[in-house]
Every structure is written in structure tokens, then in C-alpha cells.
Amino acid sequence: MMAPHAGLERRVVAALEATPPRIPVILGGCGTGRTTALHALVERLGHEDCQYIDVERAASTPERFFAAVTASSPFAPTSTDDGPSSARDAFDHTLAHFARARGLDRPAVFLLDEVLELRTFESFPGLRHVLRELLQALQESGNRFVLTSRYIARAHRLLRDASGRFEVIHLPSLSSSEVNAMLPSMGETSADDREYLSRTIQALTDGRASYVRAISDAATASTGRVGDPISALTALLTSDGGLTMWCGYRYELRLHRARGYGALKAILEILAEDEPLTLTEIAQRLHRTPGSTKDYLSWLEDVDLVMSRQKRYSFCDPLLRLWVRLHCRPVPPSVDEVAREVQAYALSRLPQPAQEPSLALAGTATGSERKRWGIVEID
């Protein structure tokens, strides 16, 4: 199974090797393949010259972050003093480590995953502009850096006044050919059936790598042959399904990074029922003023949960919208309810069945027994 976004690695390496080197900033939502790309870079560049840092997991206090980064570093220590004496001093030591570390006969490479999480340090004394200071230090360093973030709007705002050394790279949705390359081997499955499966999964997932993997694994797990991706998605979105847990994690993660938690949940539930909607329509259903509703919507945009096109708001992630419809209510949905909602979702995103070839249903007795995807049978 090939890693998603195979061309991304070449673009990042070209940026690092440019004269002067550029600093790639990889932006993409949850499950789009940012972390996978960074781990592939570590393997390509070598563990001796490259340090991967999961900022989201390691950022607690500036002192502990500095200690964790240097303890796991492949590079020689850059400081001989007794260590930082304050939060401000610890952050300065971290910047010095990024600037002065050296690989084997070449500049060090730092891969900072979820770099915007360093803004948590801004609650400590003397650290009001952590991210701005970080960007300034990175562009002045002779080392190489790759940054990532799931928060696209915040990253753009931060980089608005940054130097031209920063190169923003948006992770695009996977194409059907990239989805095809990620699918496992499926025995004697024909090329046409495999291509149709990849196009169906791409449409259902909006080309997000984590969703693609989950549905393709579920659709082929039992027989190793082509299964029904819509039935697989139905199973994954039941109360104990894998995508139910994944979507719940992403939903809470972004809401906790935003302001106005309760009102934001209400807006997402409104948009899950009907989208796109104008500001006025949302305000009326929320029973709030347009002014306060506009603030709520801007906070949702800030964490890339909703987007606005022609003054009408909708979810950024259609599959997350489906999850909200199913699970943001007092009683978990039944299997039948999940099946009906997934069926409606699939019909809204897939071509009409008459326009597509039918595929043999995996596990049937003969190849003559055919079933068109888009129909879920409920016993």
C-alpha cells in the first residue's frame, strides 16, 4: 500500500536543497497525511541528520519541552550551562538548539509536526509572541526546517507577514489514481473493478487519506477481494465503529481549540441538518443576533471546521458533517439509521448507478451475481 501524496516528498526536498533553502509549511486537515510525510522524510534524509518532533504531544511547559527535545536529539548538545532558569530562558535555549545543532558534515534538519501548538507557551511570563519569535529564529538559522499544521486559517494568518523563505504547501485531496495506489492487493480483481472501487472511495471520503485507508481496509478485510464500500462506511459509522471514534476525536479537538464551545456545537448541528446557509439563516435558527453569530462562525473558520463561499456557510469535511448528523444527539443511532444516512450521503456524492458499471459482489457464489453500489440492504 503506497503512502499518500507521493509527490510531496520531492517538493519538500527541493525546497530544503534550494539556494537559499526554503522552509516548507505543510498544511492539511486531520488525516490528510502530514505526519506520514514527515516520517517518510526522516527515512529519506537519515536519522543522524534529522530530528522529528511531535510538538502537540511534547509541548507542556517551556522547560520540559526543551528537556524532551534535547534528550531525544541525535545532535550533540549546543549548550554547556546548567540549563534554563525560567520559562523565557527555556524557550531561548530551544531556539538556540534549533539554530546551532549540526548533522554529520551538513546542516541539521528539524521536522516540527503541529508547530502551532507552541502557542501554548504564550501563557507563561515573558512569552507573549512565541510563534513570531520562532519564525524569526528559523529563517535566520543555517539549519533546515519543515513545519506542519492542521489549522490552515491560523497558519495563513501567522505567515501573512513572514519572509519569502516560507513555502506553504497545501495537501490536496487524493485523486482516484492515488487512492488506487493505496488499495491493498485484491487477488484476481479486474483493473476496471479496482478503478471503480478507487473512484467510489475517493468520492465518499473527499480524498482524505485516513478515511480512504479505513474504508478500503474494511471493504476488503474479510475476503481480500472487492467489497461494498458503502456497507463498509456504514459499519465504520455505527456507535462502536472506527470512524465514529476518529471523527469524535477530531470534532472535540478542534472545538476545544476554538472559543464559544457550546454555541459552536449548536451551529455545527444546524449545518449538519442543512447546508449551505447564510449568516442570517444560521442566526435565526440559533436564536442569536447576527453580530454574535458572525463571531461564532469566525471562530469555527479559525479552526477549519466551516468555510464560507459566496456568503454561505458549510462544513469543510463532508464526512464529519455526516458524523455530526448521526452522533451529536442524546441517543446513539441504530444500525438502520446509520445505514439510511450513509445511503443518502453516498447518493449525494456518487454518480447515478446507471452511469457506472456494476461489480461482482465479493463473496457471492458466482460472478454472474451482480450488485450496484449505492444500495444497502437492511435485514
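Predicted, not measured: the structure shown is a model, and the values here were computed from it. Starting from 1, residues in each chain are numbered consecutively following that chain's sequence as written. In view of the model being predicted, local features appear only for residues whose pLDDT reaches at least 70, and side-chain atom pairs are presented and counted only at 80 or more, with totals across whole chains, interfaces and linings using the full set of residues. Excluding hydrogens and water, the side-chain values take into account all heavy atoms of the structure.

(A) Structural view of the side chain of Thr94. Secondary structure elements follow DSSP: runs of H or I no shorter than four residues count as helices, runs of E no shorter than two count as strands, and numbering proceeds from the N terminus. Take Thr94: it is sitting in helix H5 (residues 87-100). Working definition: with a 1.4 Å probe on protein chains only, accessible area under 20% of the residue-type maximum means buried, over 50% means exposed, and in between means partly exposed. By relative accessible area, which is 2% here, Thr94 ends up buried. Filtering out sequence-adjacent residues up to four positions away, Thr94 remains in contact with Phe65 and Phe66. Residues are treated as being in contact if the distance between any of their heavy atoms lies within 4.5 Å.

(B) Fine view of the pattern of salt bridges. Note on definitions: salt bridges are taken to be side-chain nitrogens of Lys or Arg within 4 Å of carboxyl oxygens of Asp or Glu. Across all of its chains, the model carries 22 salt bridges by this definition. The shortest N-O distance in the salt bridge between Arg88 and Glu133 comes to 2.6 Å. Placement of the pair is Arg88 in helix H5 and Glu133 in helix H6 (residues 130-140), with a sequence separation of 45 residues. Classification of Glu133 as partly exposed rests on a relative accessible area of 26%. For the salt bridge of Arg150 with Glu114, the shortest nitrogen-to-oxygen distance reads 3.9 Å. Taken together, the positions of Arg150 in the loop between strand E4 (144-149) and helix H7 (152-159) and Glu114 in the loop between strand E3 (109-113) and H6 put the pair 36 residues apart, joining distant regions of the chain. The two residues Arg150 and Glu114 agree in class, both being buried.

(C) Looking closely at the sheet that holds strand E7 (residues 306-309). Across the sheet, which stays open at both edges, the 3 strands sit in the order E6-E8-E7 with antiparallel pairing between neighbours. For this open sheet the edge positions go to strand E6 (277-278) and E7, each flanked by a neighbour on one side alone. As defined by bridge partners, E6 adjoins strand E8 (residues 312-315) across 2 bridges and the pair is classed as antiparallel. Residue Thr278 lies in a different strand from E8, and its bridge partner there is Arg312. Helix axes are fitted only over the stretch in contact, all axes being lines through C-alpha atoms; the angle between N-to-C directions runs from 0 to 180 degrees. Contacts between helix H15 (residues 290-302) and the sheet are confined to E7 and E8, with E7 contributing the most and set at about 110° to the helix. We treat two strands as partners when DSSP finds at least two bridges between them.

(D) Layout of the nonpolar core. Only buried Ala, Val, Leu, Ile, Met, Phe, Trp, Tyr and Cys residues count toward a nonpolar core, and they belong to the same one when joined by side-chain atoms within 4.5 Å. Counting residues in each nonpolar core, the largest one holds 88 residues, and the members touching the most others are Phe98, Phe110, Leu112, Leu118, Leu147 and Leu237. Discounting chain neighbours no more than four positions away, the residues touching Leu147 are Ile23, Pro24, Val25, Ile26, Leu112, Val115, Leu135, Leu138 and Phe166. If you look at the next biggest cluster of nonpolar residues, it comprises 15 residues, including Val12, Ala37, Cys50 and Ile169.

(E) Representation of the pairing of E8. Sheet topology places E7 next to E8; 4 bridges connect them, and they run antiparallel. Counterpart to Arg309 in the pairing with E8 is Arg312. Counted between consecutive antiparallel strands, the loop separating E7 from E8 contains 2 residues, among which Gln310 sits at a positive phi close to 55°.

(F) Fine view of the sheet that holds strand E1 (residues 23-27). One open sheet holds the 5 strands; their spatial order is E2-E3-E4-E1-E5, and the pairing between them is parallel. Taken across any chain shown, the strands that pair with only one partner, and hence form the sheet edges, are strand E2 (50-54) and strand E5 (166-170). Averaged over all pairs of adjacent strands, the angle between strand axes in this sheet comes to 15°, irrespective of strand direction. Note that E2 and E3 share 5 bridges and pair parallel. Looking across to E3, one finds that Cys50 is bridged to Val109.

(G) Representation of the confidence of the model for the chain. A residue's pLDDT is the confidence the predictor assigns to it, expressed on a 0 to 100 scale. Across the chain, the average pLDDT comes to 85, with 88% of residues at or above 70. Within the chain, strand E10 (residues 370-371) has the poorest average pLDDT of any element, 40, and E6 the best, 97. Low pLDDT (under 50) marks residues 358-379, which in the prediction has 44 contacts with non-local residues, meaning those over four places away or in another chain.

(H) Looking closely at the pairing of E1. The buried count for E1 comes to 5 of 5 residues, which makes it a mostly enclosed element. Judged from the 5 bridges that link them, E1 and E5 form a sheet pairing that is parallel. Among the inter-strand pairings, Ile23 is bridged to a residue of E5, identified as Phe166. The pairing of E1 with E4 spans 3 bridges and is classified as parallel. When the bridges of E4 are listed, Leu27 appears paired with Ser149.

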